[in-house]
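# Notes for the structure review
Each chain, letter by letter, is given below.
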Amino acid sequence: MAIQPVLRFLIIAIGVPLVLVAATVRGFAQLTIDADSQYRYAQSRLDAGAADEAIVEFNRFIYFFPEDSRIPRARFQTGMAHFNAGRYQAAADIFNRQTEAFTGSPLDNQAFFMLSRSHARQGMTEQAMLDLHNLVALSSETDVIDQARYELGWLHVDQGRWNDADQSFGRISPGNRNRFQVADLKQALALSEAIPAKRPMTAGLLSIVPGGGQLYCNRYQDALTAFLINAGLIWAAWEAFDNEQVALGSVIGFVEFGFYAGNIYGAVSDAHKYNRDRVAEYRERLNQRRQMSLSVAPVPEGAALCLTLSF
C-alpha cells in the first residue's frame, strides 16, 4: 500500500515538467514575426549604431519578405550600416547596384550620393567625382543636380583644385544659390591666389650660405642650428689642414659635406612643408563654411542619412 504514494509522487514529478515543456514548445511554434515588426527591429538596430546586427536583420527581412515594397529601402539600409561601420567598399558595392537601375526616385538619388561618399572615403576621389557627374547627367531635378554640384565642388576643395571648385559652385542654379551660400564660397575661393608660398628653388639657392634657406622659410631656430653646425665644422676642417693634419681635416671635411648637403636639402623640404601648411590652413578655413549634407527630396520612411560632407 505504501507504493501508491510513491507512484503518485513520481507521476507528478515527471508529468508536470513534461506538460510545461509541451506548452512552451506549442507557444514557440505559434510565434510569428510580420514584415512591419521585422523592419522596425532592423531599423532600431541601425539607429542604435549596431551596424552588424542591423545588416543581419535587414537581410532577414529581405529573405523572408521578398515581395515587400520596402526591399529596395532595406538594401539601402544595409549599405548605410556598412558605411557607418567604416566598410566603405562593401557599402559602395550595395549603392552601386541600386544606381544601376536609376529611376530618379529619392532613394536612387540618395544611393548615388552615398556611392560617391563611399568612394571618397576610400581615397578614390576621381571615382567619387565621376559618380556625381553621372547623377547630374541622369537626373532631371534641379535640386538634385545642384546638390551634386555642391558636393562636387567640395571634392575639388579637398584636392586643392580651387578654380575647379569655384566653377562647380558657380554652376548651381540661381534658385539654390542662397541655400548653398554660393556667393560666400566664391568670395572665399578668390582668396586662394593670396595663399603665402615659398619657392623651393629659392630656398635651396639661399642655403649656399648655411641656414639661409631655413631663414627664408621662417624656420629661425633651424637656420641658427644649420649655420652654427656648418660654420663649426668648416672652421674645424680649416684648422686641421692649417696644422697639416690632413687625415683629420679630410674626415671633418667629409662630415661637413654631408651636413652642408643636408642643409640644402632641408631648406628645399622646409619650403614644401611651408606651402603644404599654408594650403591646409586655407582649406580648414574653407571647411568652416561647409554645410551639412541635407536630403534634397523626401527620403522614404526609415532611411538614414549621412549628415556630413567631410570626406
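Before going into details, it helps to say that this report is about the structure given with it. Small disclaimer: the values here were computed from a predicted structure and weren't measured.

Criteria and thresholds
Residues numbered from 1 in each chain as written. Predicted model: local features only at pLDDT ≥ 70, side-chain atom pairs only at ≥ 80, totals over all residues. Heavy atoms only, no water. Helix = DSSP H or I, 4+ residues; strand = E, 2+ residues; numbered from the N terminus. Buried < 20%, exposed > 50% of the residue type's maximum accessible area, 1.4 Å probe, protein only. Contact = heavy atoms within 4.5 Å. Areas by Shrake-Rupley, 256 points an atom, 1.4 Å probe, with all protein chains shown as cover. Phe/Tyr/Trp six-rings, centres within 6.5 Å; stacked < 30°, edge-to-face > 60°. Lys NZ or Arg CZ within 6 Å of the ring centre and 35° of its normal. Core = buried A, V, L, I, M, F, W, Y, C linked by side-chain atoms within 4.5 Å. Expected span 1.5 Å × (residues − 1). Axes fitted to C-alpha atoms, helices over the stretch in contact; angles between N-to-C directions. Parallel < 35°, antiparallel > 145°, perpendicular 65-115°, else oblique. Left-handed = near helix turned anticlockwise from the far one by under 90°. Nonpolar A, V, L, I, M, F, W, Y, C, P; charged D, E, K, R; others polar.

### Focus on the overall build of the protein
Helices and strands together make up the secondary structure of the protein, namely 14 helices and zero strands. When the helices and strands of the protein are listed from N to C terminus, the series reads α-α-α-α-α-α-α-α-α-α-α-α-α-α. Looking at the 311 residues of the protein, the share that counts as buried comes to 38%. Across the protein, every contact between residues at least 6 apart in sequence was considered, and the portion connecting residues at least 24 apart equals 58%. For the protein, the exposed area adds up to about 17900 Å²; of that, 60% sits on carbon and sulfur atoms.

### Looking at the packing of aromatic side chains
Considering all chains together, one arrives at twelve aromatic pairs under this definition. Judged by centre distance (5.8 Å) and plane angle (50°), the rings of Tyr150 and Phe169 are tilted. Residue Tyr150 is located in helix H8 (residues 142-158), and its partner Phe169 is located in helix H9 (residues 162-170); the two are separated by 19 residues in the primary sequence. Under the relative-accessibility criterion, Tyr150 is labelled buried at 2%. Judged by its relative accessible area of 1%, Phe169 is buried. Site record: aromatic cluster; members linked through ring pairs are Tyr39, Phe58, Phe61 and Phe65. Taking NZ or CZ as reference, Arg70 lies 5.3 Å from the ring centre of Tyr39, over its face.

### Looking at unusual backbone geometry
Notably, Gln181 is not glycine yet its phi reads approximately 55°, a positive angle. Here Gln181 lies in the loop between H9 and helix H10 (182-190). Judged by relative accessible area, which is 36%, Gln181 ranks as partly exposed. Despite not being glycine, Asn218 has its phi angle at roughly 65°, a positive value. Mapped onto the secondary structure, Asn218 falls in the loop between helix H12 (212-216) and helix H13 (220-242). Residue classification places Asn218 among the partly exposed positions, given a relative accessible area of 36%.

### Examining the side chain of Ser168
Its place among the elements puts Ser168 in helix H9. Note on Ser168: relative accessible area 2%, which makes it buried.

### Some remarks on the nonpolar core
By size, the foremost hydrophobic cluster in this structure holds 15 residues, and its most contacted members are Tyr150, Trp154, Val157, Trp162, Phe169, Leu189 and Leu286. Broken down by element, this core gets its largest block of residues, four residues, from H10. Core analysis: the second largest hydrophobic core is formed by 13 residues, Ile55, Phe61, Ile71 and Ala81 among them.

### Considering helix H3 (residues 51-64)
Owing to its 3.6 residues per turn, the α-helix aligns residues three or four sequence positions apart on the same side. Over its 14 residues, H3 extends 20 Å from the first C-alpha to the last, a length consistent with the 20 Å expected when each residue adds 1.5 Å. Residues Ala51, Ala54, Ile55, Glu57, Phe58, Phe61 and Ile62 constitute the buried set of H3. Structurally, H3 contributes buried residues whose contacts are with helix H2 (35-47) and helix H4 (71-84).

### Concerning the packing of H8 against helix H14 (residues 246-287)
For the pair H8 and H14, the least separation of the axes is 10 Å and the interaxial angle reads 160°. It follows from the interaxial angle that H8 and H14 lie roughly antiparallel. Crossing hand, H8 versus H14: left-handed. Within the contact between the two elements, H8 uses Trp154, Val157 and Asp158 and H14 uses Arg283, Leu286 and Asn287. The class makeup of the residues in the contact of H8 with H14 is three nonpolar, one polar and two charged.

### Comments concerning the packing of H9 against H10
Between H9 and H10, the least distance of the axes is 10 Å, while the angle of their chain directions is 165°. Here H9 is positioned roughly antiparallel relative to H10, judged by the angle of their axes. Viewed along their axes, H9 and H10 form a crossing whose handedness is left-handed. In this structure, H9 contributes Trp162, Ala165, Asp166, Phe169 and Gly170 to the contact, and H10 contributes Val182, Leu185, Lys186 and Leu189.

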